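Understanding the architecture of this molecule
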Amino acid sequence: MTPPTALDAAALDTVDSDRIAAHLDRFARLTEAGEGCTRLAYTPLEREAHAVFAAHMSGLGLLVHTDPAGNTIAELPGDAAALGTGSHLDTVPHGGGLDGIAGVAAAMEIAEVVTRRASARRRTWRFVAFAAEEGARFGQACNGSRMVAGLTGRADLDRLADRDGRTMAEAMTAVGLTPDRADEARWAPEDWHAFVELHIEQGEVLQSRGADIGVVDLISGSTRLRVAVHGRATHSGGTPMHLRHDALVVAAECVTLGDRLARDARHHGTRVTVGRLEVEPGSITTIPGAVDFSVDVRDVDTVRQRDVARRLAAEFDRIARSHGTSVRVDVLADTSPVLLSAALAGRVRDSCAALGLSYRVLPSGASHDAQQVNRITPAALVFVPSRDGVSHAPQEYTTPAQIAAGTKVVLRTLLRLDADA
Ligand code: HGY
Ligand code: MN
Ligand code: MN
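The text that follows walks through the structure, step by step, so that each part is easy to find. Just so you know, the residues in each chain are numbered from 1, in the order the chain's sequence is written. Labels follow written order: the first chain is A, the first ligand is 1, and so on. In keeping with the model being predicted, local features are shown solely for residues with a pLDDT of at least 70 and side-chain atom pairs are shown and tallied solely at 80 or more, while totals for entire chains, interfaces and linings include all residues. The basis for every side-chain value is the complete set of heavy atoms in the structure, and neither hydrogens nor water enter the calculation.

**Considerations on the overall build of the chain**
Applicable threshold: A run of H or I in DSSP counts as a helix once it spans at least four residues, and a run of E counts as a strand once it spans at least two, with each numbered from the N terminus. For this measure, only C-alpha atoms enter the radius of gyration; the expected value for a globule follows 2.2 Å times N^0.38, where N is the number of residues. Exposure classes here rest on a 1.4 Å probe applied to the protein chains alone. A residue is buried below 20% of its type maximum, exposed above 50%, and partly exposed in between. By the convention used here, residues are in contact when the closest approach between their heavy atoms is within 4.5 Å. In short, Shrake-Rupley with a 1.4 Å probe defines the accessible areas, and a residue's cover is counted only from the protein chains shown. For the purpose of counting charges, residues Lys and Arg are taken to be positive, whereas Asp and Glu are taken to be negative. His and the chain ends are not included. Positions of charges follow a simple convention, taking NZ of Lys, CZ of Arg, CG of Asp or CD of Glu.
Secondary structure summary: the chain contains 13 helices and 16 strands in total. For a compact globule of 421 residues, the expected C-alpha radius of gyration is about 22 Å, and the chain comes in at 23 Å, within 12% of that figure. Across its three principal directions, the C-alpha atoms of the chain cover 85 × 45 × 40 Å. Here the chain, with 421 residues, has 55% of them falling under the buried criterion. Counting only contacts in the chain whose residues sit at least 6 apart along the sequence, the fraction spanning at least 24 positions is 79%. For the chain, the accessible area works out to roughly 17,100 Å², and carbon and sulfur atoms hold 52% of it. Taking the 45 positively charged and 54 negatively charged side chains of the chain as two groups, their mean positions are separated by 3 Å.

Right, dumping it as C-alpha coordinates:
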(Lines give C-alpha, C1' and ligand atoms only; values in the text may rest on other atoms or scores of the structure.)
(Ligands and ions follow the chains in the order given, each with its own letter.)
Protein backbone atom coordinates (compact mmCIF):
# COMPACT_ATOMS: atom_id res chain seq x y z
CA MET A 1 0.00 0.00 0.00
CA THR A 2 1.32 3.46 -0.90
CA PRO A 3 2.69 5.13 2.26
CA PRO A 4 0.51 8.01 3.57
CA THR A 5 3.17 10.60 2.79
CA ALA A 6 3.05 9.90 -0.93
CA LEU A 7 -0.75 9.88 -0.85
CA ASP A 8 -0.71 13.13 1.15
CA ALA A 9 1.49 14.89 -1.39
CA ALA A 10 -0.67 13.71 -4.27
CA ALA A 11 -3.88 14.76 -2.53
CA LEU A 12 -2.49 18.11 -1.41
CA ASP A 13 -1.41 18.96 -4.95
CA THR A 14 -4.99 18.71 -6.17
CA VAL A 15 -6.40 21.40 -3.82
CA ASP A 16 -7.90 23.85 -6.30
CA SER A 17 -8.36 27.56 -5.49
CA ASP A 18 -10.73 27.98 -8.47
CA ARG A 19 -13.14 25.42 -7.00
CA ILE A 20 -12.93 27.22 -3.66
CA ALA A 21 -13.64 30.56 -5.36
CA ALA A 22 -16.66 29.03 -7.12
CA HIS A 23 -18.11 27.88 -3.75
CA LEU A 24 -17.61 31.35 -2.30
CA ASP A 25 -19.35 32.96 -5.29
CA ARG A 26 -22.26 30.52 -5.00
CA PHE A 27 -22.84 31.39 -1.34
CA ALA A 28 -22.32 35.13 -1.91
CA ARG A 29 -25.39 35.18 -4.14
CA LEU A 30 -27.62 34.09 -1.22
CA THR A 31 -28.11 37.45 0.48
CA GLU A 32 -30.69 40.10 1.31
CA ALA A 33 -30.58 43.34 -0.68
CA GLY A 34 -28.08 46.04 0.23
CA GLU A 35 -24.32 46.31 0.57
CA GLY A 36 -22.26 43.22 1.36
CA CYS A 37 -23.70 39.91 2.48
CA THR A 38 -26.73 39.63 4.80
CA ARG A 39 -27.73 36.03 5.64
CA LEU A 40 -28.81 36.01 9.26
CA ALA A 41 -29.12 33.14 11.71
CA TYR A 42 -32.19 30.92 11.32
CA THR A 43 -33.51 32.67 8.22
CA PRO A 44 -34.61 31.04 4.93
CA LEU A 45 -31.43 32.37 3.30
CA GLU A 46 -29.22 30.56 5.83
CA ARG A 47 -31.16 27.36 5.21
CA GLU A 48 -30.75 27.85 1.46
CA ALA A 49 -27.00 28.06 1.95
CA HIS A 50 -27.08 24.84 3.99
CA ALA A 51 -29.08 23.22 1.17
CA VAL A 52 -26.35 24.22 -1.32
CA PHE A 53 -23.73 22.70 0.99
CA ALA A 54 -25.81 19.52 1.47
CA ALA A 55 -26.44 19.08 -2.27
CA HIS A 56 -22.74 19.46 -3.08
CA MET A 57 -21.69 16.94 -0.44
CA SER A 58 -24.40 14.47 -1.46
CA GLY A 59 -23.14 14.84 -5.03
CA LEU A 60 -19.73 13.70 -3.81
CA GLY A 61 -21.37 10.60 -2.33
CA LEU A 62 -21.24 11.62 1.34
CA LEU A 63 -24.00 10.80 3.84
CA VAL A 64 -25.64 14.14 4.72
CA HIS A 65 -28.06 15.05 7.48
CA THR A 66 -29.23 18.20 9.23
CA ASP A 67 -29.55 17.95 13.01
CA PRO A 68 -32.40 19.56 15.05
CA ALA A 69 -30.17 22.63 15.71
CA GLY A 70 -29.82 23.23 11.97
CA ASN A 71 -26.19 22.07 11.67
CA THR A 72 -25.61 20.22 8.38
CA ILE A 73 -23.16 17.33 8.66
CA ALA A 74 -21.71 15.37 5.72
CA GLU A 75 -19.92 12.14 6.55
CA LEU A 76 -17.41 9.73 5.03
CA PRO A 77 -17.78 6.65 7.26
CA GLY A 78 -14.63 5.00 8.63
CA ASP A 79 -13.49 2.55 11.27
CA ALA A 80 -12.24 4.89 13.99
CA ALA A 81 -13.30 7.99 15.94
CA ALA A 82 -14.11 10.91 13.67
CA LEU A 83 -12.13 13.82 12.33
CA GLY A 84 -14.02 16.99 11.49
CA THR A 85 -13.67 20.30 9.71
CA GLY A 86 -16.08 23.09 8.84
CA SER A 87 -17.41 26.45 9.97
CA HIS A 88 -20.61 28.54 9.57
CA LEU A 89 -22.70 29.92 6.69
CA ASP A 90 -24.64 32.73 8.37
CA THR A 91 -23.36 36.33 8.30
CA VAL A 92 -23.76 39.62 10.14
CA PRO A 93 -25.87 42.34 8.46
CA HIS A 94 -23.97 43.75 5.44
CA GLY A 95 -20.97 41.58 6.27
CA GLY A 96 -18.42 40.09 3.95
CA GLY A 97 -18.64 36.79 2.10
CA LEU A 98 -15.78 34.98 3.84
CA ASP A 99 -16.42 35.00 7.60
CA GLY A 100 -17.29 31.34 8.22
CA ILE A 101 -17.94 30.69 4.53
CA ALA A 102 -14.22 30.31 3.82
CA GLY A 103 -14.08 27.44 6.33
CA VAL A 104 -17.09 25.73 4.75
CA ALA A 105 -15.65 26.16 1.24
CA ALA A 106 -12.38 24.66 2.51
CA ALA A 107 -14.33 21.70 3.93
CA MET A 108 -16.08 21.23 0.56
CA GLU A 109 -12.71 21.28 -1.20
CA ILE A 110 -11.20 18.79 1.25
CA ALA A 111 -14.19 16.47 0.73
CA GLU A 112 -13.69 16.78 -3.03
CA VAL A 113 -9.97 15.93 -2.81
CA VAL A 114 -10.43 13.08 -0.34
CA THR A 115 -13.27 11.45 -2.30
CA ARG A 116 -11.46 11.89 -5.65
CA ARG A 117 -8.30 10.31 -4.39
CA ALA A 118 -8.50 6.74 -3.15
CA SER A 119 -6.33 7.89 -0.26
CA ALA A 120 -6.53 5.22 2.39
CA ARG A 121 -8.64 6.56 5.24
CA ARG A 122 -9.05 4.90 8.65
CA ARG A 123 -11.31 7.31 10.43
CA THR A 124 -14.76 8.70 9.85
CA TRP A 125 -14.44 12.20 8.38
CA ARG A 126 -17.20 14.76 8.99
CA PHE A 127 -17.66 18.07 7.20
CA VAL A 128 -19.84 20.52 9.14
CA ALA A 129 -21.78 23.68 8.32
CA PHE A 130 -22.76 25.04 11.74
CA ALA A 131 -25.99 27.00 12.16
CA ALA A 132 -26.39 30.46 13.66
CA GLU A 133 -22.78 31.23 14.55
CA GLU A 134 -23.18 34.99 14.41
CA GLY A 135 -24.58 36.73 17.50
CA ALA A 136 -25.86 39.63 15.38
CA ARG A 137 -29.51 38.51 15.45
CA PHE A 138 -30.02 36.87 18.86
CA GLY A 139 -27.09 38.32 20.84
CA GLN A 140 -25.50 34.93 21.56
CA ALA A 141 -22.90 33.60 19.12
CA CYS A 142 -22.07 30.03 18.08
CA ASN A 143 -25.58 28.69 18.70
CA GLY A 144 -25.39 25.56 16.52
CA SER A 145 -21.97 24.60 17.89
CA ARG A 146 -23.06 25.43 21.47
CA MET A 147 -25.91 22.95 21.02
CA VAL A 148 -23.57 20.16 19.85
CA ALA A 149 -21.36 21.00 22.86
CA GLY A 150 -24.35 20.93 25.23
CA LEU A 151 -23.84 24.58 26.21
CA THR A 152 -27.21 25.73 24.87
CA GLY A 153 -30.30 23.63 25.46
CA ARG A 154 -33.97 23.63 24.64
CA ALA A 155 -34.88 26.05 27.48
CA ASP A 156 -32.45 28.69 26.17
CA LEU A 157 -34.22 28.78 22.83
CA ASP A 158 -37.27 30.44 24.43
CA ARG A 159 -35.08 32.98 26.29
CA LEU A 160 -32.93 34.10 23.34
CA ALA A 161 -34.87 36.55 21.13
CA ASP A 162 -34.16 38.99 18.30
CA ARG A 163 -34.94 42.72 18.14
CA ASP A 164 -38.52 41.99 17.10
CA GLY A 165 -39.05 39.75 20.12
CA ARG A 166 -39.04 36.58 18.02
CA THR A 167 -37.48 33.77 20.07
CA MET A 168 -34.79 31.50 18.66
CA ALA A 169 -37.21 28.56 18.99
CA GLU A 170 -39.83 30.40 16.91
CA ALA A 171 -37.24 31.34 14.28
CA MET A 172 -35.96 27.75 14.11
CA THR A 173 -39.49 26.38 13.73
CA ALA A 174 -40.25 28.95 11.03
CA VAL A 175 -37.39 27.58 8.90
CA GLY A 176 -38.42 23.96 9.39
CA LEU A 177 -36.12 22.98 12.27
CA THR A 178 -37.19 21.24 15.49
CA PRO A 179 -36.12 23.17 18.60
CA ASP A 180 -37.94 20.66 20.84
CA ARG A 181 -35.30 18.12 19.81
CA ALA A 182 -32.33 20.51 20.07
CA ASP A 183 -30.75 18.46 22.85
CA GLU A 184 -30.47 15.52 20.40
CA ALA A 185 -27.85 17.55 18.50
CA ARG A 186 -25.23 16.89 21.20
CA TRP A 187 -22.02 15.18 20.10
CA ALA A 188 -20.51 12.31 22.13
CA PRO A 189 -16.80 12.93 22.98
CA GLU A 190 -15.97 9.26 22.48
CA ASP A 191 -17.22 9.53 18.89
CA TRP A 192 -14.57 12.13 17.98
CA HIS A 193 -10.80 12.29 17.54
CA ALA A 194 -10.23 15.98 16.58
CA PHE A 195 -11.73 18.97 14.77
CA VAL A 196 -9.83 21.55 12.66
CA GLU A 197 -11.56 24.77 11.54
CA LEU A 198 -10.27 27.18 8.88
CA HIS A 199 -11.34 30.81 9.35
CA ILE A 200 -10.29 34.26 8.15
CA GLU A 201 -8.29 36.11 10.83
CA GLN A 202 -10.59 39.16 11.04
CA GLY A 203 -7.60 41.19 12.22
CA GLU A 204 -4.35 42.32 10.63
CA VAL A 205 -1.63 40.46 12.49
CA LEU A 206 -0.89 38.02 9.65
CA GLN A 207 -0.84 40.74 6.98
CA SER A 208 1.36 43.05 9.07
CA ARG A 209 3.78 40.24 9.90
CA GLY A 210 3.72 38.76 6.39
CA ALA A 211 2.67 35.33 7.71
CA ASP A 212 0.75 32.90 5.49
CA ILE A 213 -1.09 31.09 8.30
CA GLY A 214 -2.27 31.83 11.85
CA VAL A 215 -2.25 29.02 14.41
CA VAL A 216 -4.66 30.06 17.16
CA ASP A 217 -3.77 29.22 20.77
CA LEU A 218 -6.55 31.06 22.61
CA ILE A 219 -10.03 32.26 21.63
CA SER A 220 -11.45 35.28 23.46
CA GLY A 221 -14.56 35.07 25.52
CA SER A 222 -17.39 37.60 25.25
CA THR A 223 -19.96 39.03 27.62
CA ARG A 224 -22.73 40.82 25.74
CA LEU A 225 -25.06 43.27 27.46
CA ARG A 226 -28.29 44.96 26.47
CA VAL A 227 -28.59 48.39 28.13
CA ALA A 228 -31.89 50.32 28.30
CA VAL A 229 -31.76 53.92 29.56
CA HIS A 230 -35.05 55.64 30.54
CA GLY A 231 -35.19 59.44 30.87
CA ARG A 232 -37.91 61.92 30.01
CA ALA A 233 -38.92 62.82 26.45
CA THR A 234 -39.95 66.46 26.29
CA HIS A 235 -39.63 69.65 24.24
CA SER A 236 -36.07 70.58 23.20
CA GLY A 237 -36.92 74.27 23.22
CA GLY A 238 -39.16 74.59 26.22
CA THR A 239 -36.98 72.58 28.63
CA PRO A 240 -34.04 74.41 30.25
CA MET A 241 -30.81 72.40 30.62
CA HIS A 242 -31.10 71.97 34.40
CA LEU A 243 -34.52 70.32 34.12
CA ARG A 244 -33.60 67.66 31.58
CA HIS A 245 -33.41 63.87 31.94
CA ASP A 246 -31.76 63.18 28.62
CA ALA A 247 -31.34 59.43 27.97
CA LEU A 248 -28.91 60.00 25.08
CA VAL A 249 -26.53 62.11 27.18
CA VAL A 250 -26.46 59.23 29.68
CA ALA A 251 -25.85 56.68 26.91
CA ALA A 252 -23.07 58.83 25.45
CA GLU A 253 -21.27 58.93 28.81
CA CYS A 254 -21.67 55.14 29.10
CA VAL A 255 -20.23 54.57 25.62
CA THR A 256 -17.16 56.72 26.23
CA LEU A 257 -16.68 55.15 29.68
CA GLY A 258 -16.54 51.64 28.14
CA ASP A 259 -14.04 52.78 25.52
CA ARG A 260 -11.88 54.58 28.11
CA LEU A 261 -11.87 51.59 30.45
CA ALA A 262 -10.78 49.17 27.71
CA ARG A 263 -7.96 51.53 26.68
CA ASP A 264 -6.65 51.64 30.24
CA ALA A 265 -3.24 49.88 30.17
CA ARG A 266 -4.30 47.71 33.13
CA HIS A 267 -6.96 46.19 30.86
CA HIS A 268 -4.55 45.17 28.09
CA GLY A 269 -6.51 42.71 26.00
CA THR A 270 -9.99 43.85 26.97
CA ARG A 271 -12.12 45.09 24.06
CA VAL A 272 -15.36 46.97 24.62
CA THR A 273 -17.68 47.82 21.72
CA VAL A 274 -21.08 49.48 21.44
CA GLY A 275 -22.24 48.30 18.04
CA ARG A 276 -25.94 49.12 18.18
CA LEU A 277 -27.63 52.17 19.68
CA GLU A 278 -31.28 53.19 19.17
CA VAL A 279 -32.74 56.51 20.30
CA GLU A 280 -36.43 57.20 20.98
CA PRO A 281 -38.42 59.04 19.84
CA GLY A 282 -35.59 60.07 17.49
CA SER A 283 -37.04 63.48 16.70
CA ILE A 284 -34.98 66.64 16.19
CA THR A 285 -37.08 68.71 18.56
CA THR A 286 -37.60 66.13 21.36
CA ILE A 287 -35.13 65.35 24.16
CA PRO A 288 -34.44 61.59 23.92
CA GLY A 289 -36.56 59.76 26.48
CA ALA A 290 -35.14 56.27 25.91
CA VAL A 291 -31.97 54.76 24.50
CA ASP A 292 -31.33 51.05 23.92
CA PHE A 293 -27.77 49.91 23.18
CA SER A 294 -25.55 46.82 23.11
CA VAL A 295 -22.16 46.31 24.77
CA ASP A 296 -19.75 43.58 23.65
CA VAL A 297 -16.96 42.91 26.19
CA ARG A 298 -14.23 40.63 24.85
CA ASP A 299 -11.17 39.31 26.69
CA VAL A 300 -8.74 36.42 26.77
CA ASP A 301 -8.85 36.56 30.58
CA THR A 302 -12.11 35.17 31.94
CA VAL A 303 -11.97 36.98 35.31
CA ARG A 304 -11.13 40.35 33.74
CA GLN A 305 -13.89 39.92 31.13
CA ARG A 306 -16.59 39.43 33.76
CA ASP A 307 -15.15 42.06 36.08
CA VAL A 308 -15.27 44.63 33.27
CA ALA A 309 -18.89 43.73 32.48
CA ARG A 310 -19.89 43.99 36.14
CA ARG A 311 -18.02 47.28 36.56
CA LEU A 312 -19.67 48.77 33.48
CA ALA A 313 -23.13 47.82 34.76
CA ALA A 314 -22.42 49.52 38.10
CA GLU A 315 -20.98 52.65 36.46
CA PHE A 316 -23.90 52.87 34.03
CA ASP A 317 -26.27 52.87 37.01
CA ARG A 318 -24.29 55.69 38.69
CA ILE A 319 -24.26 57.78 35.49
CA ALA A 320 -27.99 57.23 34.91
CA ARG A 321 -28.91 58.30 38.43
CA SER A 322 -26.72 61.40 38.21
CA HIS A 323 -28.97 62.57 35.36
CA GLY A 324 -32.25 61.66 37.09
CA THR A 325 -32.74 58.72 34.71
CA SER A 326 -32.79 54.93 35.21
CA VAL A 327 -30.98 52.09 33.46
CA ARG A 328 -31.60 48.37 33.04
CA VAL A 329 -28.69 46.09 32.09
CA ASP A 330 -29.39 42.54 30.86
CA VAL A 331 -26.77 39.92 30.00
CA LEU A 332 -27.54 38.70 26.47
CA ALA A 333 -24.76 36.14 26.27
CA ASP A 334 -21.69 35.09 28.19
CA THR A 335 -18.99 32.84 26.70
CA SER A 336 -15.67 32.00 28.35
CA PRO A 337 -12.28 32.31 26.67
CA VAL A 338 -10.97 28.92 25.58
CA LEU A 339 -7.38 27.64 25.43
CA LEU A 340 -7.20 25.33 22.42
CA SER A 341 -5.34 22.01 22.41
CA ALA A 342 -1.59 22.74 22.33
CA ALA A 343 -0.91 19.25 20.98
CA LEU A 344 -3.26 19.73 18.05
CA ALA A 345 -1.87 23.21 17.39
CA GLY A 346 1.54 21.53 17.21
CA ARG A 347 0.24 19.21 14.46
CA VAL A 348 -0.98 22.27 12.56
CA ARG A 349 2.42 23.95 12.92
CA ASP A 350 4.08 20.76 11.58
CA SER A 351 1.79 20.93 8.53
CA CYS A 352 2.72 24.57 7.90
CA ALA A 353 6.40 23.66 8.04
CA ALA A 354 5.93 20.63 5.78
CA LEU A 355 4.10 22.82 3.25
CA GLY A 356 6.70 25.59 3.42
CA LEU A 357 4.17 28.09 4.76
CA SER A 358 5.14 30.73 7.30
CA TYR A 359 2.91 30.86 10.37
CA ARG A 360 2.34 32.83 13.53
CA VAL A 361 0.76 31.67 16.78
CA LEU A 362 -1.85 34.18 17.93
CA PRO A 363 -5.06 34.56 19.99
CA SER A 364 -8.41 35.13 18.33
CA GLY A 365 -10.42 38.23 19.31
CA ALA A 366 -13.46 36.81 17.52
CA SER A 367 -15.42 33.81 18.79
CA HIS A 368 -15.63 30.65 16.69
CA ASP A 369 -17.38 27.29 16.44
CA ALA A 370 -14.05 25.59 17.26
CA GLN A 371 -14.28 27.30 20.68
CA GLN A 372 -17.42 25.31 21.48
CA VAL A 373 -16.39 22.08 19.74
CA ASN A 374 -13.21 22.11 21.86
CA ARG A 375 -15.40 21.06 24.81
CA ILE A 376 -16.22 17.83 23.00
CA THR A 377 -12.95 17.00 21.24
CA PRO A 378 -9.57 18.74 20.77
CA ALA A 379 -10.07 21.55 18.26
CA ALA A 380 -7.64 23.64 16.22
CA LEU A 381 -8.25 26.94 14.48
CA VAL A 382 -6.29 27.81 11.33
CA PHE A 383 -6.35 31.46 10.24
CA VAL A 384 -5.79 32.85 6.77
CA PRO A 385 -4.98 36.58 6.38
CA SER A 386 -7.68 39.26 6.19
CA ARG A 387 -6.83 42.17 3.88
CA ASP A 388 -6.18 45.20 6.10
CA GLY A 389 -7.78 43.27 8.97
CA VAL A 390 -11.28 44.18 7.79
CA SER A 391 -14.20 41.83 8.58
CA HIS A 392 -17.93 42.05 9.36
CA ALA A 393 -18.02 44.54 6.48
CA PRO A 394 -18.40 44.29 2.67
CA GLN A 395 -14.70 45.06 2.19
CA GLU A 396 -13.76 41.72 3.88
CA TYR A 397 -11.28 39.95 1.56
CA THR A 398 -8.81 37.07 1.43
CA THR A 399 -7.49 35.71 -1.88
CA PRO A 400 -8.60 32.23 -3.02
CA ALA A 401 -4.90 31.29 -3.12
CA GLN A 402 -4.55 32.21 0.57
CA ILE A 403 -7.67 30.14 1.39
CA ALA A 404 -6.27 27.26 -0.69
CA ALA A 405 -3.01 27.41 1.32
CA GLY A 406 -5.01 27.24 4.56
CA THR A 407 -7.04 24.38 3.11
CA LYS A 408 -3.85 22.42 2.46
CA VAL A 409 -2.78 22.95 6.07
CA VAL A 410 -6.13 21.63 7.32
CA LEU A 411 -6.08 18.70 4.86
CA ARG A 412 -2.52 17.67 5.69
CA THR A 413 -3.26 17.90 9.42
CA LEU A 414 -6.37 15.72 9.00
CA LEU A 415 -4.46 13.18 6.88
CA ARG A 416 -1.83 12.92 9.61
CA LEU A 417 -4.46 12.65 12.34
CA ASP A 418 -6.18 9.94 10.32
CA ALA A 419 -3.07 7.82 10.76
CA ASP A 420 -3.03 8.32 14.54
CA ALA A 421 -3.27 5.07 16.48
O1 HGY B 1 -18.73 37.94 16.91
C2 HGY B 1 -17.85 37.11 16.73
O3 HGY B 1 -16.85 37.07 17.41
C4 HGY B 1 -17.98 36.11 15.64
O5 HGY B 1 -17.97 36.77 14.42
N6 HGY B 1 -19.14 35.30 15.83
MN1 MN C 1 -17.00 33.57 11.97
MN1 MN D 1 -18.42 36.79 12.42
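**Concerning the nonpolar core**
Under the convention used in this document: Among buried residues, those of type Ala, Val, Leu, Ile, Met, Phe, Trp, Tyr and Cys that are joined through side-chain atoms within 4.5 Å constitute a nonpolar core.
In terms of nonpolar packing, the biggest core is built from 55 residues, with Phe-27, Phe-53, Trp-125, Phe-127 and Leu-411 touching the most fellow members. For this core, the leading source of residues is helix H4 (residues 101-116), giving 11 residues. Beyond its immediate chain neighbours, meaning those up to four positions away, Phe-53 contacts Phe-27, Thr-72, Leu-89, Val-104, Met-108, Phe-127, Val-128 and Ala-129.

**Some thoughts on the pattern of salt bridges**
Should the charged atoms of two oppositely charged side chains come close, the side chains can pair. Cut-off, in case you're wondering: One side-chain nitrogen of Lys or Arg within 4 Å of one carboxyl oxygen of Asp or Glu is enough to make a salt bridge.
Taken as a whole and assessed by the stated rule, the structure comprises 24 salt bridges. A salt bridge links Arg-310 to Asp-307, with the shortest nitrogen-to-oxygen separation between them at 2.7 Å. Here Arg-310 pairs with Asp-307, and both are found in helix H10 (residues 302-322), just 3 residues apart, close to one helical turn. With a shortest N-O distance of 2.9 Å, Asp-317 and Arg-321 are connected by a salt bridge. Here Arg-321 and Asp-317 lie together in helix H10, a separation of 4 residues that amounts to about one turn. Looking at Asp-317, the relative accessible area reads 28%, which means it is partly exposed.

**Points about the coordination of the manganese ion (ligand 2)**
Quick note on the threshold: Note on donors: an N, O or S atom is included if it sits within 2.8 Å of the metal, or within 3.2 Å for Na, K and Ca, and water is never included, so sites can look incomplete.
Within the first shell, the manganese ion (ligand 2) binds the protein through His-88 (NE2), Asp-99 (OD) and His-199 (NE2), at distances of 2.1 to 2.3 Å. A separation of 3.5 Å is found between the manganese ion (ligand 2) and the manganese ion (ligand 3), which share Asp-99 as a coordinating residue. Taken together, the residues His-88 in strand E3 (residues 82-88) and His-199 in strand E5 (residues 192-200) connect sequence positions 111 residues apart. Classification of His-88 as buried rests on a relative accessible area of 0%.

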